[in-house]
Amino acid sequence: MVEKIWNINQTEHFDVAVIGGGLLGCFVARHLSRFRLNVAVIEKNTDVCAEISRANTSIIYSGYDHKPGSLKARMCVAANRGFGRLADELSVPFKRRGSLMAAAGPRGEAVLRGKLEQGIENGVTDLSIISGSEARAREPGLDPGVTLALWSPSTGTVNPWELGLAAIENAMDNGAKLFLNTELTGVSVADNGYKLSCGAAEFTARGVINCAGLYTDKINEMISAPYFKISPTRGDYIVLDTYARDVINHIIFLEPEERGKGATLVPTVDGNVMLGPSEEDPGDEPFFGTTASGLRFVIDSSKKAVPALPLEHTIRSFAAVRPNIFWTEKDAAGNLRLSPESINDFMIGSPEGHPLFINVPGVKTPGLTCADEIGKYVAEMLSDRLGSVPLNTEYDSRRQAPARFSRMSPKERLSLGSGQRIVCRCIGVTEDEIRNAVRRTPGAVTVDGVKRRAGACMGRCQGGFCTQRIIEILAEELGENVSDIRKEGRESYLIQGGRP
Ligand SMILES: Cc1cc2nc3c(=O)[nH]c(=O)nc-3n(C[C@H](O)[C@H](O)[C@H](O)COP(=O)(O)OP(=O)(O)OC[C@H]3O[C@@H](n4cnc5c(N)ncnc54)[C@H](O)[C@@H]3O)c2cc1C
């Protein structure tokens, strides 16, 4: 079990402060812990992986989608090849479902052929183009109008937050410290590196890794002139219940005949079917809120790919936010403006004069696939710049997952003996699992924190029956009143009269 650490010690000096506990911050911390370095991860939310890393398409891409020679292409191909080993080390479920990128006309077919060539150039060795009828033999629900498909057997899927949680647990087991509810509000240069302010608390660190996702530009501007900006777009998703699990066997992309976004359908590791995302301007909507137009797009585009989708099994919709990244340029009048195109590669680097302050900004797809590769790249970049950092000889890359009743065989369940109380009946999550989730790592202090660790509330009732019992267990474990327990964010109290 890992130690719970909640408050920054004002006098503490760290070798490295990682800002942000999303997938990237968790994996950067994991790889920094391979070195003898005192590492702090600073996260403003009550839990890790509660922003971009919570809401994405959960695909482990094979690497045909990215420009040859780019960091994205190189990392994606390497990450996909090594993903089985990574999932095994971190004890997270990973399924190589294989993907079919389908087309139903000349424009889509040309895109597919281009992706095949690009994939081969990138070193993806198992791609092939198959006919529409061959594609339907593999995926019988595919639209009869599909004429051609790009088959990529090594494409897979994971649960993104399970992966991120596993990485931070592994980093903490190897010595990294996690500070939740801790928002970085200021950075300045200090004698021994950087002084970091988190509200009233201040501490120092020799190096800083900026993994603040949607806010990486703001963090960079605490120490440097702006050289990039994040301009977000949003996307909606729909999740179908496990009743619909047999409707597709593979990850499906439908390349549209008209320019624009196509459909994506994913059979998840948990047995659901996920549809989406759409792509829209964020407008005035709050981040991570769905819109009627976005959901309509997801329904219409998904039905173009698989017409008989059983949408009556819809159990949830959610929204994602994309951190599109632009260079900033000055116009003739000296005003800052964004580059005409967003940057389509990972652009890991430092602001001028700050080699030990490394920005990992605006990482979109395939950031989930490449999180471990990026973590390794950044940790090695920093250790090189720090110079002769000794290795952590006690580093252990393996992390043991907590037992999941729902994933046990009948024999394993019987071996637990009688007295297992099921709290979440849709998934089959026991009271012991929920208590262990709260005790195991910091962050399981809300209903969604429990959901991310134990899988409760993920079934067809979406917590309708079990939320009340989870609130009671959380209150008991944390020594709080039930009215103090929240769903996720700062003000999301679930019981009327909850703490203002
Ligand atoms: C719609 C969508 C679909 C995607 N689908 C896929 C996919 O299928 N496959 C794939 O490989 N990749 C996918 N990705 C990419 C992947 O999800 C991201 O690359 C990855 O989640 C980014 O993680 P992150 O750590 O950079 O950001 P985040 O998860 O947002 O983490 C940043 C963290 O920084 C914290 N933070 C911010 N400011 C501060 C501060 N001042 N102080 C302290 N903490 C702070 C935030 O609270 C947050 O927790 C997708 C991305 C999107 C948007």
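A quick note: this is a predicted structure, and the numbers were derived from the prediction, not measured. Residue indices follow the written sequence of each chain, beginning from 1 at its first position. Reporting of local features is limited, given that this is a predicted model, to residues whose pLDDT is at least 70; pairs of side-chain atoms are given and counted only at 80 or more, and all residues count toward the totals for whole chains, interfaces and linings. Side-chain numbers here rest on the full set of heavy atoms in the structure, without hydrogens or water.

Asker: Describe the overall build of the protein chain, naming the residues involved and giving the relevant values.
Answerer: By the criteria applied, helices consist of DSSP H or I runs no shorter than four residues and strands consist of E runs no shorter than two, each listed in order from the N terminus. What the protein chain contains, in helices and strands, is 12 helices and 21 strands. In this setup the radius of gyration rests on C-alpha atoms only. A globule is expected at 2.2 Å times the number of residues raised to 0.38. On C-alpha atoms alone, the protein chain measures out to a radius of gyration of 23 Å, which is about the 23 Å that the 2.2 N^0.38 rule sets for 500 residues. Judged by the C-alpha coordinates and their principal axes, the protein chain covers about 70 × 65 × 45 Å. Burial classes follow relative accessibility: with a 1.4 Å probe on protein chains only, a residue under 20% of its type's maximum area counts as buried, one over 50% as exposed, and anything between as partly exposed. Every one of the 500 residues in the protein chain was classed for burial, and the buried ones make up 58%. Contacts are assigned to residue pairs that have any heavy atoms within 4.5 Å of one another. A separation threshold of at least 6 residues defines the contact pool for the protein chain, and within that pool the share at least 24 residues apart is 72%. Note on areas: Shrake-Rupley with a 1.4 Å probe; residue coverage comes only from the protein chains shown. When the accessible surface of the protein chain is split by element, carbon and sulfur atoms take 49% of a total near 21,100 Å². Averaging the locations of the 58 positively and 61 negatively charged side chains of the protein chain gives two centres separated by 3 Å. All tallies of charge rest on Lys and Arg as positive and Asp and Glu as negative; His and the ends of each chain are not included. By convention, the charge on Lys lies at NZ, on Arg at CZ, on Asp at CG and on Glu at CD.

Asker: An account of the site of the ligand is needed here, citing residue identities and associated values.
Answerer: In the region of the ligand, 37 residues are neighbours, and Glu43, Ser53, Ile59, Val363 and Thr369 sit closest. Under this definition, polar contacts are N or O atom pairs within 3.5 Å; protein pairs additionally need one hydrogen-donor-capable and one acceptor-capable atom, and for neighbouring residues in sequence, both atoms have to be side-chain atoms. Contact between the ligand and Thr369: an oxygen atom at 2.7 Å from a side-chain N or O atom of the residue. If the ligand stood free it would expose 1,000 Å²; the protein chains cover 99% of that surface. At the level of secondary structure, the elements contributing two or more residues to the shell around the ligand comprise α1 (23–32), β17 (314–330) and α8 (367–386). When grouped by side-chain class, the residues that make up the shell around the ligand number 18 nonpolar, 13 polar and 6 charged. Residues are labelled near a given molecule or strand when at least one of their non-hydrogen atoms is within 4 Å of it. Residue polarity follows a fixed list, in which Ala, Val, Leu, Ile, Met, Phe, Trp, Tyr, Cys and Pro are nonpolar, Asp, Glu, Lys and Arg are charged, and the others, Gly among them, are polar.

Asker: Summarise the pairing of strand β10 (residues 186–190); cite the residues concerned and give the values.
Answerer: For a regular strand, side-chain orientation follows a simple rule: the groups alternate between the two sheet faces. Strands pair, by our definition, only if DSSP identifies at least two bridges between them. Sheet topology places β10 next to strand β11 (residues 193–198); 5 bridges connect them, and they run antiparallel. What sits directly across from Val187, in β11, is Leu196. A loop of 2 residues connects β10 with β11, the two strands running antiparallel in sequence.

Asker: So what's going on with the packing of aromatic side chains? Residues and values would help.
Answerer: Ring geometry is summarised as follows: Phe, Tyr and Trp rings, the Trp one being its six-membered ring, pair when their centres sit within 6.5 Å, and such pairs are stacked at plane angles under 30 degrees, edge-to-face over 60 and tilted between the two. Scanning the model with the defined rule gives 7 aromatic pairs in all. Every member of this aromatic cluster is reached through a ring pair, and the members are Phe14, Phe179 and Phe203. Lysine and arginine charges are scored as sitting over a ring when NZ or CZ, respectively, is within 6 Å of the ring centre and within 35 degrees of the ring normal. Seen from the ring of Trp151, Arg138 lies directly overhead, with NZ or CZ sitting 4.7 Å from the centre. Its guanidinium or amino end placed over the ring of Phe405, Arg413 lies 4.5 Å from that ring's centre, counting from NZ or CZ.

Asker: Let's hear about the packing of helix α10 (residues 431–440) against helix α12 (residues 467–478): which residues, and what values?
Answerer: Helix axes are fitted only over the stretch in contact, all axes being lines through C-alpha atoms; the angle between N-to-C directions runs from 0 to 180 degrees. Axis separation between α10 and α12 bottoms out at 10 Å; the angle between their running directions is 45°. Considered as vectors, α10 and α12 are oriented oblique to each other. Crossing angle aside, the handedness with which α10 passes α12 is right-handed. Residue-level inspection shows Glu431, Ile434, Arg435, Val438 and Arg439 of α10 in contact with α12, the latter providing Arg469, Ile470, Ile473, Leu474, Glu476, Glu477 and Leu478. For the contact of α10 with α12, the per-class residue count stands at 6 nonpolar, no polar and 6 charged. Note that the term roughly parallel is reserved for angles under 35 degrees, roughly antiparallel for angles over 145, roughly perpendicular for angles of 65 to 115, and oblique for everything else. The hand of a helix crossing depends on one turn: near helix anticlockwise from the far one by less than a right angle means left-handed, and clockwise means right-handed.

Asker: Account for the environment of Thr314, with residues named and values stated.
Answerer: Secondary-structure assignment places Thr314 in strand β17. On the basis of relative accessible area, Thr314 is assigned to the partly exposed category, the value being 37%. Sequence separation of Thr314 and Ala244 is 70 residues, and the distance between their C-alpha atoms is 9.0 Å. Setting aside residues up to four positions removed in sequence, Thr314 forms contacts with Ile238, Val239 and Leu240. Within the structure, Thr314 has its side chain in polar contact with the backbone oxygen of Leu311 (distance 2.7 Å).

Asker: How would you summarise the sheet that holds strand β6 (residues 128–131) if you had to cite specific residues and measurements?
Answerer: Here 9 strands make up an open sheet; going across it, the order is β6-β7-β5-β14-β15-β16-β13-β17-β18 and the pairing mixed. One side of each edge strand has no neighbouring strand; the edge strands of this open sheet are β6 and β18 (336–338). Ignoring which end each strand starts from, the neighbouring axes of this sheet average 25° apart. Where β6 meets strand β7 (residues 148–152), 4 bridges bridge the pair, whose relative direction is antiparallel. Opposite Ile130, over in β7, you have Ala149 as the bridge partner.

Asker: A description of the pattern of salt bridges should follow, citing residues and the corresponding values.
Answerer: What makes a salt bridge here is a side-chain nitrogen of Lys or Arg within 4 Å of a carboxyl oxygen of Asp or Glu, nothing more. As enumerated under the stated definition, the model contains 34 salt bridges in all. Among the ionic pairs, Asp47 bridges to Arg452, the shortest N-O distance being 3.1 Å. Linking Asp47 in the loop between β2 (39–42) and β3 (59–60) with Arg452 in helix α11 (residues 447–454), this pair joins segments that are 405 residues apart in sequence. Taken as a pair, Asp47 and Arg452 share a single burial class, namely buried. For Asp65, the salt bridge identified is with Lys115, shortest N-O distance 2.7 Å. Of the two residues, Asp65 sits in the loop between β3 and α2 (71–90) while Lys115 sits in helix α3 (residues 106–122), which places them 50 residues apart along the sequence. In this structure, a network of salt bridges that share partners links the residues Arg421, Glu431, Arg435, Arg439, Arg469, Glu472, Glu476 and Glu477.

Asker: Give me the environment of Ile471: which residues, what numbers.
Answerer: If you trace the backbone, Ile471 turns up in helix α12. With 133 residues separating them along the chain, Ile471 and Leu338 place their C-alpha atoms 46 Å apart. Contacts of Ile471, omitting those with residues within four sequence positions, involve Val447, Val482, Ile485, Leu494 and Ile495.

Asker: Describe in detail the sheet that holds β3, supporting the description with residues and values.
Answerer: Pairing within the open sheet is antiparallel, and its 3 strands lie in the order β3-β8-β4. Each edge of the open sheet is held by one strand with a lone partner, namely β3 and β4 (94–95). Here β3 runs beside strand β8 (residues 156–158); their pairing, made up of 2 bridges, is antiparallel. Among the inter-strand pairings, Ile60 is bridged to a residue of β8, identified as Gly156.

Asker: How would you sum up the side chain of Arg399? Please name residues and give values.
Answerer: Mapped onto the elements, Arg399 comes out in the loop between α8 and α9 (410–415). A polar atom in the side chain of Arg399 sits 2.8 Å from the backbone oxygen of Leu90.

Asker: Could you give an account of the nonpolar core, naming the residues involved and the relevant values?
Answerer: By nonpolar core we mean a set of buried residues, namely Ala, Val, Leu, Ile, Met, Phe, Trp, Tyr and Cys, connected to one another through side-chain atoms within 4.5 Å. Ranked by internal contacts, the top residues of the largest apolar core, which has 78 residues, are Leu32, Leu163, Ile209, Ile348, Val360 and Ile374. Aside from chain neighbours lying at most four places away, what touches Ile374 is Leu24, Met75, Phe346, Ile348, Val360 and Val363. Formed by 26 residues, the second largest nonpolar core is a distinct cluster that contains Leu100, Ala135, Leu240 and Ile248.

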